[in-house]
Amino acid sequence: MANYLAVVDPNPERRSHFIRTVTPLLPPMPGLVSYACGAADFAAVWAVNPMAPISYDSEGEGAAIVLGEAIATVGTTRLTAATLRQTWQANDYQSIPAFDGFHVAIAYHPERGLVVGADVLGFFPVYYYQRGDVLLVASSPELFRYHPCFEASFNPTGLVGILLTNGLVEGQTLWANVYRLGQGNLLVYALGQAATEVTQYSIPEDLPTDKYRQMPVGEQIEAMGHALSQAVSRHTTPSETHVLMLSGGLDSRLLAGLLRRQQVDTVAVTFGQRSDLEMQCATQVARALQLPHHTEQVQFEHYAELAKTRAQWEHLANGFSIVFDSAHGNLHRLGSRVVTGFVLDVIMGKAQGYRLFGAGGSFDAFFKDAVNDTALSPALLQRLLRSEVFGDRVSETIERMRSRYQNYSPIESRRGLQFKLSSRQRFHIGSGAWRLSFMAWPSLPVLDRQFIETMLAMPAETLDGRRAQKMLLCRDFPELAQLPLDRNSNDTTPLQPTPMRQRLAPLYTMQRRWRGVQRRLGYERRYYYRVLDINNPGWRAIRRQAEPHRDRLHDLFHPEALNQLLPSPDQTWIYQKDAILESASLKTLLGLLLWSADHL
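What you see is a predicted model, and the numbers here were worked out from it, not measured in a lab. (Residues numbered from 1 in each chain as written. Predicted model: local features only at pLDDT ≥ 70, side-chain atom pairs only at ≥ 80, totals over all residues. Heavy atoms only, no water.)

Q: Could you clarify how one ought to interpret the pattern of salt bridges in this entry?
A: This structure, assessed with the given rule, holds 27 salt bridges. Here Arg145 ties to Glu142 by a salt bridge, and the two come within 2.5 Å at their closest N and O atoms. The partner of Glu222 in a salt bridge is Arg475, and the shortest N-O contact between them spans 2.8 Å. Separated by 253 residues along the polypeptide, Glu222 in helix H5 (residues 217-235) and Arg475 in helix H21 (residues 467-476) bring together distant segments of the chain. Take Arg475: its relative accessible area is 39%, and that puts it in the partly exposed class. (Salt bridge = Lys/Arg side-chain N within 4 Å of Asp/Glu carboxyl O. Helix = DSSP H or I, 4+ residues; strand = E, 2+ residues; numbered from the N terminus. Buried < 20%, exposed > 50% of the residue type's maximum accessible area, 1.4 Å probe, protein only.)

Q: I tried to follow the sheet that holds strand S12 (residues 196-199) on my own but got confused; where do I start?
A: Hydrogen bonding along the main chain pairs the strands of a sheet, whether they run parallel or antiparallel. Pairing is antiparallel across the open sheet formed by 6 strands, whose spatial order is S4-S5-S6-S7-S11-S12. Lying at the two open borders of the sheet, with one neighbouring strand each, are strand S4 (54-57) and S12. Across the sheet, the mean angle separating the axes of adjacent strands is 15 degrees when strand polarity is ignored. With 3 bridges connecting them, strand S7 (residues 113-118) and strand S11 (residues 185-189) associate as antiparallel partners. If you follow Val116 over to S11, its bridge partner there is Leu187. Across the face of the sheet, helix H2 (residues 81-89) comes into contact with S4, strand S5 (63-68), strand S6 (103-109), S7 and S11 while running at roughly 120 degrees to S5. (Pairing = 2+ DSSP bridges. Axes fitted to C-alpha atoms, helices over the stretch in contact; angles between N-to-C directions. Contact = heavy atoms within 4.5 Å.)

Q: Would you mind showing me how to read helix H3 (residues 156-165) here?
A: Counting buried positions along H3 yields 10 of 10 residues, so the element is predominantly enclosed. Among the residues of H3, those classed as buried are Pro156, Thr157, Gly158, Leu159, Val160, Gly161, Ile162, Leu163, Leu164 and Thr165. Turning to H3, the residues buried within the fold contact helix H12 (363-371), helix H13 (378-384), helix H14 (387-390), helix H15 (393-406) and helix H28 (579-599). With its phi angle positive at about 65 degrees, Asn166 sits one or two positions after the end of H3.

Without other data, these values stay purely geometric and don't point to any function.
Next comes the structure, spelled out in structure tokens:
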């Protein structure tokens, strides 16, 4: 989280008082540095870690701010605030260029007004609220309520979207008239007019799929590898130490190999215990590449406080499944940049992103399997919600999502991927970049238009099931393909087992079965299943913390339905198949209870 807030308010006394009030509240954790700038009716403040890449300029007319690394279309040039002012003021809003990299950019001119944009996938949060001639823009809606013109009114439509998808739908938040900027959009505010969203970047409809389809698979792999290698090169900084979030899975080990090959100063870090399968896989990758390897644990006793902080600042926009990734406070001691494989798996062919759902493609099947699988089903939601408050919002929200899905690419596989990028991947996965930015600035190769467009132009059959990604690892880093692979399961079979591993296959099969027995006995060696277990001590603490606020939701929910869905803190929750997927909706309800304590 690089927490920022900007305001356009023609009342100087009111504007000044608002900035003075929110500035000490802006840092959600210690050790951050606050900055401010302003011009005419505009003022902005932000809190970042001391090593974060920032640029701001308020010389002459207007002001501009760049938080993060906005990378030019060609090459590796990073945009400065001064260049931003010149670029955005010299263009009409329809032709303002987009930039790669994880960033938010803000430019104000006393006559032209305010323009705000972010990375091409919308990972960096931009929330806004307008009332009359006052406009508030921030990375979180939380501090809006300190402006005297802000009206904190509950938004039933926003809650329905969150409970259906574990994220936001069409930018609707829990507060009425507070919106999150759409993926690839600019927020444009001309003085005296309503703020509007203008498309800055969208995935081109005419990507040349035939170009790659006519190539042999080997040449397709070559093009894909070149695009990813270029993205890694463009999004890393030679003068900085990069911390690689190394899980031992396919994405992070591919990045590890590329970073090592490009001689990027890299330190690997893995979270968990020594006995975790993820840790054991990651350790072998780091050793093979001779990367310094650090390990960290997140303590269960920190969960309750971390959950409270997340509910306060994120307002459930990103679901509530992962609350512990704000605790990685030691990253800044290892390096100033952090490299992650966020969303690479879906871009590079994870099955749900590309595979067709039903004959000829079906939104209903896609919604059930790839959108609603971590949220409350429409039937459950209808039983839970009070009709006098929510009316037909469940069916209306689903129909709006259906329309958006159908208006994406005419290619079914690409349509599903674009929907996922704008929903699950943007909120549940991409939100982790904002939280990490408090510790070290995220370098995300996925936020690269050339890489995105190369991958989407690939034939679906090449990518499906991450086939091409696996072939790329085996081709370029065969030594890594021979090592045990973390799949978030008990199966760690390498992509290319050595002859010795193949001869010992029966022994490894027995080992995998024994891990299943251990799990049934309560000894979990899969990292995410252990730390996301809603019955573990950390989540029990969150449940106890949320429980006193259950009555606050009785005006919104039928109490008997809520009690059936959400067990008491002392009750052990029993899942049917997948503890992570099935508990996600319950955790969202817990987050809503925590949010309601101060906001409802």
